[in-house]
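# Inside the fold
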Protein chains: 2
Amino acid sequence: MTSERSKKPLIQAARGEEPDRWPVWFMRQAGRYLPEYRAVRADVDFVTMCRRPDLAAEVTWQPLRRYDLDASIIFSDILIPCTAMGQELTFDKGHGPKLSAPVRTMADVKSLKRADANKDLGYVGDAISLTKTKLKPAQAMIGFAGAPFTVASYMIEGQGSKEFTEVKKLIFCDRPVITALLEKISEVTVDYLLMQVKAGADALMLFDTWAGQVSPAIYKELIFPSTNQILAQVKRASGVPVIYFPGQGSDRMYELSGCAADVISVDWRTRLSNAGKILKGVGLDVTLQGNLDPQALLAPEEELRSLVRAMKEEAKSAARAHIFNVGHGLLPHTPPESLSIVIDELRK
Amino acid sequence: MTSERSKKPLIQAARGEEPDRWPVWFMRQAGRYLPEYRAVRADVDFVTMCRRPDLAAEVTWQPLRRYDLDASIIFSDILIPCTAMGQELTFDKGHGPKLSAPVRTMADVKSLKRADANKDLGYVGDAISLTKTKLKPAQAMIGFAGAPFTVASYMIEGQGSKEFTEVKKLIFCDRPVITALLEKISEVTVDYLLMQVKAGADALMLFDTWAGQVSPAIYKELIFPSTNQILAQVKRASGVPVIYFPGQGSDRMYELSGCAADVISVDWRTRLSNAGKILKGVGLDVTLQGNLDPQALLAPEEELRSLVRAMKEEAKSAARAHIFNVGHGLLPHTPPESLSIVIDELRK
């Protein structure tokens, strides 16, 4: 397994080795911008797509049929584990995710189920195993989960939020509740990620979309420790490289001292060169991933090529290695042909 | 005028002098968290409140009656100048601002009126003059405007946005349109700010709420130049200190080389100490303003006092001087008594 992995450019780059070629993939590469995705989605709801390994594998394969990508990330959602903890997850058209029964008291936290990753979330493992049957040997299979604070924020608010008032109330007025919730999510998350490696994941990614929603001090004392414990635990237990994405994370870079991640995924607000410098400053020699603004994929071909060239140039000296990606998930209006242009320019 | 100003702690700090006391004010200190504000607002719509100097002055005074503040900021909205350029501004309950007739083509830009700040926006000047009649000599009157990119974003999208797709389309596919729009807004903004100084403003603030919505490269080549031109022009022409607030601006700090602002207002995502270091690194010796998370005002008294003490400690060595403030506007659910606690702790 290990020697197989060592031939995959994404894994090579993640480990800080010279990759056979510049690895590239796109966050949310299986998604609504692809007509073939919309065709599958027309008949089933989002959560069912995540739960049926045949459908999850199908949409995970879709971008790989179109593009010469170095990685596949299993089609799922960071809130899927919440369903195994007792909340109901729905996606209404035009709105984001909704979770039933928001968690706001210690009693709420205690009533959450201690999910059994193998039994309750085994369908994600099945989807990974099925997806792998059609991957090329050089392609890496990425498993993932939400970081505990980001998942907790949804569980507390019951949906996405602009101000995160319920979350902040717990942070400032009832700290033990959110601490207990983070712990409970962390336990499930570790099992969940290790289950994905068992099923065939070659690398793991932890999405902390809302990492930027608290002050740096709160991030450092409350959020980073639980996040980093997961990164360290799954890395030690599985041996696969781990990628951490702190969303809106420009100044989060200062707080990552001791981070166990092999790769830091950088959002498009931050210069790769600055991220690299700050991370080195706190003692981290990591690989960087990112960070084209997904909206730049709207640009005409020549403009887009020039943006990719600039990013290649910047990435060369920003860190020990680089994985090309967008700085946030692809948007539904992304022109599919733009991905081909990016990949072509990158491989030049 | 100048010697009068030099006795105001906010102005002293803004100029990098030792202030008579640690200056403090709160962004959106005239707002919905105050019952007396809601009482005024119950009878008139938001735009009318901005247009009637008696009402604008009344709500501007409200926080000054309750708290021992060092500054007053005129009650208005960054989109008020858009109304003088031909767009209609409305605030629907529970939603943010809406502007009619979104600006998306060169024809749209050309059809915008070249507003006459004195004639078309004179009511803001009148509100400032009226407000000043009841300020204490040590209290500074702050005038303000939106920075051109932030105003342009609303004018293009027609409302707030999460993805700023229409803005990004112009940036990546039709650059001359947004460039022309930024120029048109800038012209009005300079006149508008200078009119406010004539009416009595002791300092000016430029709100760039959406500064973090583009990549650093785009910010540097497209957005910062127009913003900085305004800062430099109004500072030179008026002699009053200018404050610049780049929202979600952690990594914007790297791009501010040559910035004409006397004060950089820091959002709550960024450590004051990091902001200070980065700004010094690009050659800026400025005063910092900020940056308590407005949600921290939900904290119980002892927790809140401890957060203020920590910020005082950090601010001491972060920059040449510091103006205490929140890192974003106050929210409607802010407990009014929390502001008294902050001010009391700060003055200890």
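Above this text sits the structure in question.
Rules used in this analysis
- Residues numbered from 1 in each chain as written.
- Chains lettered and ligands numbered in written order.
- Predicted model: local features only at pLDDT ≥ 70, side-chain atom pairs only at ≥ 80, totals over all residues.
- Axes fitted to C-alpha atoms, helices over the stretch in contact; angles between N-to-C directions.
- Helix = DSSP H or I, 4+ residues; strand = E, 2+ residues; numbered from the N terminus.
- Parallel < 35°, antiparallel > 145°, perpendicular 65-115°, else oblique.
- Contact = placed C-beta atoms within 7 Å.
- Nonpolar A, V, L, I, M, F, W, Y, C, P; charged D, E, K, R; others polar.
- Pairing = 2+ DSSP bridges.
- Core = buried A, V, L, I, M, F, W, Y, C linked by C-beta atoms within 7 Å.
- Buried ≥ 20, exposed ≤ 12 C-beta atoms within 10 Å, placed from the backbone.
- Right-handed = clockwise from strand over helix to strand, strands pointing away.

## Let's talk about the packing of helix H10 (residues 148–157) of chain A against helix H11 (residues 165–173) of chain A
Residue and element names in this part refer to chain A.
- Orientation of H10 relative to H11, taken along the N-to-C sense of each, is 110°, at an axis distance of 8 Å. By the angle between their directions, the pair H10 and H11 is classed as roughly perpendicular. Contact with H10, carried on its side by Ser153, Ile156 and Glu157, involves Glu166, Val167 and Leu170 of H11 and no other residues of that element.
- When grouped by side-chain class, the residues that make up the contact of H10 with H11 number three nonpolar, one polar and two charged.

## Let's talk about the interface of chain A and chain B
- Taken residue by residue, the interface counts 27 residues in chain A and 27 residues in chain B.
- Considering each element in turn, the side of chain A that touches chain B owes the most residues, five residues, to H11 of chain A.
- A class-by-class count of the residues in the side of chain A that touches chain B yields 10 nonpolar, nine polar and eight charged.

## Focus: the sheet that holds strand E5 (residues 203–208) of chain A
All names here are of chain A.
- Taking strand neighbours across the sheet as the criterion, the seven strands line up as E1-E4-E5-E6-E7-E8-E9 in an open arrangement whose pairing is parallel. On the outer flanks of this sheet lie strand E1 (71–73) and strand E9 (322–326), each paired with one strand and no other. Adjacent strand axes in the sheet meet at a mean angle of 25°, parallel and antiparallel pairs treated alike.
- Relative to strand E7 (residues 263–265), strand E6 (residues 242–246) runs parallel, the two sharing two bridges. Its bridge partner being in E7, Ile243 is matched across the sheet by Val263.

## Considering the sheet that holds strand E1 (residues 71–73) of chain B
Residue and element names in this part refer to chain B.
- Strand order in the open sheet formed by seven strands is E1-E4-E5-E6-E7-E8-E9, with parallel pairing between adjacent strands. Edge positions in the sheet fall to E1 and strand E9 (322–326), since each has one partner strand and no second. Neighbour to neighbour, the strand axes of the sheet diverge by 25° on average, direction disregarded.
- Direction of pairing for strand E8 (residues 287–292) relative to E9: parallel, over a ladder of five bridges. Directly across from Leu288, in E9, lies its bridge partner His322.
- Helix H15 (residues 301–318) rests against E8 and E9 of the sheet, and its axis sits at about 160° to E8.

## Overview of the nonpolar core
- If you look at the biggest cluster of nonpolar residues, it comprises 238 residues, and the most contacted ones within it are Ala203, Leu204 and Leu206 of chain A together with Ala203, Leu204 and Leu206 of chain B.
- Setting aside chain neighbours within four positions, we find Leu206 of chain B in contact with Ala145, Ala147, Thr227, Ile230, Leu231, Val242, Tyr244 and Phe245 of chain B.

## Points about the pairing of E5 of chain A
All names here are of chain A.
- The buried fraction of E5 is high, at six of six residues.
- As judged from the five bridges shared by strand E4 (residues 140–146) and E5, these two strands associate in the parallel manner. Residue pairing for E5: Ala145 is matched across the bridge by Leu206.
- Where E5 and E6 come together, five bridges link them in parallel fashion. Within the sheet, the bridge partner assigned to Leu206 lies in E6 and is Tyr244.
- As for the winding sense of the linkage, the β-α-β connection from E5 through helix H13 (residues 216–238) to E6 is right-handed.

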